[in-house]
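Here's the letter readout for the chains.
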Amino acid sequence: MEQEHKRRVRYSGTHPKKYEEKYKEHNPEKYSDTIEKVISKGSTPAGMHLSIMVNEILDILNIQPGEQGLDATLGYGGHTRHMLEKLNGTGHIYALDVDPIESVKTRDRLAAFGYDNSILTIENLNFADIDVLATVTGKFDFVLADLGVSSMQIDDPTRGFSYKTDAHLDLRMNPNEGITGANRLAKMREAEIEGMLVENADEPYAAQIAAQIMKIRRNGGRINTTKALYNAVADALAFLPAYDRKEALKKSAARTFQALRIDVNNEFEVLDAFLEKLPDVLNPGGRVAILTFHSGEDRLVKKSFKQHFNCGDYAEISKEVIRPSAEECFKNPRSTSTKLRYAIKL
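Residues numbered from 1 in each chain as written. Predicted model: local features only at pLDDT ≥ 70, side-chain atom pairs only at ≥ 80, totals over all residues. Heavy atoms only, no water.

A. Spotlight on the layout of surface pockets. There is about 1400 Å³ of room inside the largest pocket. Contributing elements (two or more residues each) for the lining of the largest pocket: α7 (151–155), α9 (190–201), α12 (242–264) and α14 (295–310). Taken as a whole, the second largest pocket spans an internal volume of roughly 810 Å³. Together, 42 residues line the second largest pocket, and Asp97, Val98, Asn126, Phe127 and Met173 are the ones closest to its centre. A per-element tally of the lining of the second largest pocket places helix α13 (residues 267–277) first, with 4 residues. Its residues assigned to classes, the lining of the second largest pocket comprises 16 nonpolar, 16 polar and 10 charged. (1 Å grid on protein atoms, 1.4 Å probe; cavity = no way out; pocket = protein on both sides within 12 Å on 5 of 7 lines; lining within 4 Å. Points joined across faces, edges and corners; volume = space filled by probe spheres on them. Helix = DSSP H or I, 4+ residues; strand = E, 2+ residues; numbered from the N terminus. Nonpolar A, V, L, I, M, F, W, Y, C, P; charged D, E, K, R; others polar.)

B. Seen up close, a positive patch on the surface. Together, Lys164, Lys246, Lys250 and Lys251 make up a positively charged patch on the protein surface. On the secondary structure map, lysine 250 appears in helix α12. With a relative accessible area of 52%, lysine 250 lands in the exposed category. (Patch = residues over 30% accessible without salt bridge, like charges linked within 9 Å, V, L, I, M, F, W, Y side chains within 5 Å. Areas by Shrake-Rupley, 256 points an atom, 1.4 Å probe, with all protein chains shown as cover. Salt bridge = Lys/Arg side-chain N within 4 Å of Asp/Glu carboxyl O. Lys, Arg positive; Asp, Glu negative; His and termini not counted. Charge placed at Lys NZ, Arg CZ, Asp CG, Glu CD. Buried < 20%, exposed > 50% of the residue type's maximum accessible area, 1.4 Å probe, protein only.)

C. α13, seen in detail. Taken together, the buried positions of α13 are Glu267, Phe268, Val270, Leu271, Phe274 and Leu275. Here the buried residues of α13 occupy an arc of 160 degrees about the axis, which is enough to place them on one side. Away from its buried face, by an angle of more than 90 degrees, α13 presents the exposed residues Glu269 and Glu276. Buried positions along α13 lie against α6 (130–137), β4 (140–146), α9, α12, β5 (282–292) and α14. (Arc of directions from axis to C-beta. Contact = heavy atoms within 4.5 Å.)

D. Examining the nonpolar core more closely. Counting 32 residues, the largest nonpolar core has Leu169, Leu185, Ile193, Ile213, Leu229 and Leu260 as its most contacted members. A total of 7 residues in this core trace back to one element, the largest contributor, which is α12. Filtering out sequence-adjacent residues up to four positions away, isoleucine 193 remains in contact with Leu185, Met188, Ala210, Ile213, Met214 and Arg217. Of all hydrophobic cores here, the second largest spans 30 residues; its members include Ile130, Leu133, Phe140 and Phe305. (Core = buried A, V, L, I, M, F, W, Y, C linked by side-chain atoms within 4.5 Å.)

E. Spotlight on the packing of helix α10 (residues 206–218) against helix α11 (residues 226–236). Direction vectors running N to C along α10 and α11 enclose 120 degrees, while the axes themselves pass 8 Å from each other. Considering their axes alone, α10 and α11 lie oblique with respect to each other. Helix-helix and strand crossings are classified by hand; for α10 and α11 the assignment is right-handed. Between α10 and α11, the contacting residues are Gln208, Ile209, Gln212, Ile213 and Ile216 on the first element and Leu229, Ala232, Val233, Asp235 and Ala236 on the second. (Axes fitted to C-alpha atoms, helices over the stretch in contact; angles between N-to-C directions. Parallel < 35°, antiparallel > 145°, perpendicular 65-115°, else oblique. Left-handed = near helix turned anticlockwise from the far one by under 90°.)

F. Expanded view of the pairing of strand β7 (residues 339–345). Burial runs high along β7: 5 of the 7 residues are buried. In terms of strand pairing, strand β6 (residues 314–317) meets β7 through 3 bridges, oriented antiparallel. From the neighbouring strand, glutamate 316 faces β7, where its bridge partner is isoleucine 344. (Pairing = 2+ DSSP bridges.)

G. The packing of aromatic side chains, seen in detail. Under the counting rule described, the total for this entry stands at 6 aromatic pairs. Centre to centre, the rings of phenylalanine 305 and tyrosine 314 are 5.6 Å apart; their planes meet at 80 degrees, and the pair counts as edge-to-face. In this structure tyrosine 314 comes out as buried when scored by relative accessible area, which is 2%. Ring-pair connections join several aromatic residues into one group, and the members of that group are Tyr163, Tyr230 and Phe257. The ring of phenylalanine 113 has arginine 81 sitting right over it, with the charged end atom 3.5 Å from the ring centre. Directly above the aromatic system of tyrosine 230 lies the positively charged group of lysine 227, at a separation of 5.5 Å from the ring centroid. (Phe/Tyr/Trp six-rings, centres within 6.5 Å; stacked < 30°, edge-to-face > 60°. Lys NZ or Arg CZ within 6 Å of the ring centre and 35° of its normal.)

All quantities given are derived from atomic positions and should not be read as evidence of function.
Structure below.
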């Protein structure tokens with residue numbers, strides 16, 4: 001029986017308004033002209049993630065054909081693809097991601113480039129469990145961990161990572177496990193919320209934001225959506241002069257979402273576990289590179305590397321952070337806050 005031909009849905013106006021209808025966001029690789037145009041303007045194409053500091057990472061990892069490596073945070077798979085190219089068809093890379101939605105898309109994306117399970121194995125596993133993985137795979141010659149949230153997660157409003165589109169306040173990396181951001185906020189005490197904002201995001205208006213969230217709850221309200229949380233931050237900052245408020249709100253809203261996301265996903269606890277286990281899963285001379293995106297993460301990485309260096313686990317660690325170039329920051333503004341550190345196993 002001949003299959004009925006279905007045309008792509010057309011929209012009134014020039015652009016589709018609903019995310020689920022935005023075909024370019026779901027398959028950005030098919031529209032290279034659009035990608036180039038967006039990047040040239042200093043933006044990240046929606047639905048796509050631009051890999052950060054690729055050359056610097058490849059210099060540190062010094063990947064050789066035949067080696068075994070680990071991408072602890074697969075994401076869009078951009079870094080993974082560059083590392084696979086360095087293997088030149090021999091060796092193996094294991095890649096981890098707790099996100100069951102994006103990891104399937106990335107598996108298909110890398111398979112289209114010819115990287116099947118003969119050279120790449122993708123596991124839905126938290127990178128805190130690298131010791132469990134290593135008991136099966138053996139130790140690694142190189143490891144990469146990119147601690148940033150993938151742009152695809154931020155751009156998808158159904159995931160609740162951004163206030164730019166109203167959606168359920170979810171914020172879970174794995175939407176099948178754990179407690180949502182909305183439920184977390186509904187259970188925390190005011191002091192907990194304030195502490196979370198300070199510890200996870202260095203938020204200067206933490207006390208005011210926490211007080212406003214509790215005020216909403218006392219009046220019988222719930223912060224269930226991204227817009228509701230954004231509006232709570234806006235109301236908390238209403239005391240600021242109008243000429244300061246717009247920029248302060250933009251930064252405080254971003255920090256508030258960051259702080260809650262870190263809390264929901266236990267990101268600091270996960271990172272601590274990963275860093276503690278890391279030396280034991282590296283082969284002698286194994287190299288590790290870690291990208292962080294805010295001061296709390298960087299402090300943990302710096303402290304762990306220094307402790308393991310002093311204990312004799314690492315032969316060398318980065319003395320200072322490595323930052324992206326000005327050119328990269330222009331092409332990919334999401335790279336601006338990036339810090340790169342490395343360590344080499346004794």
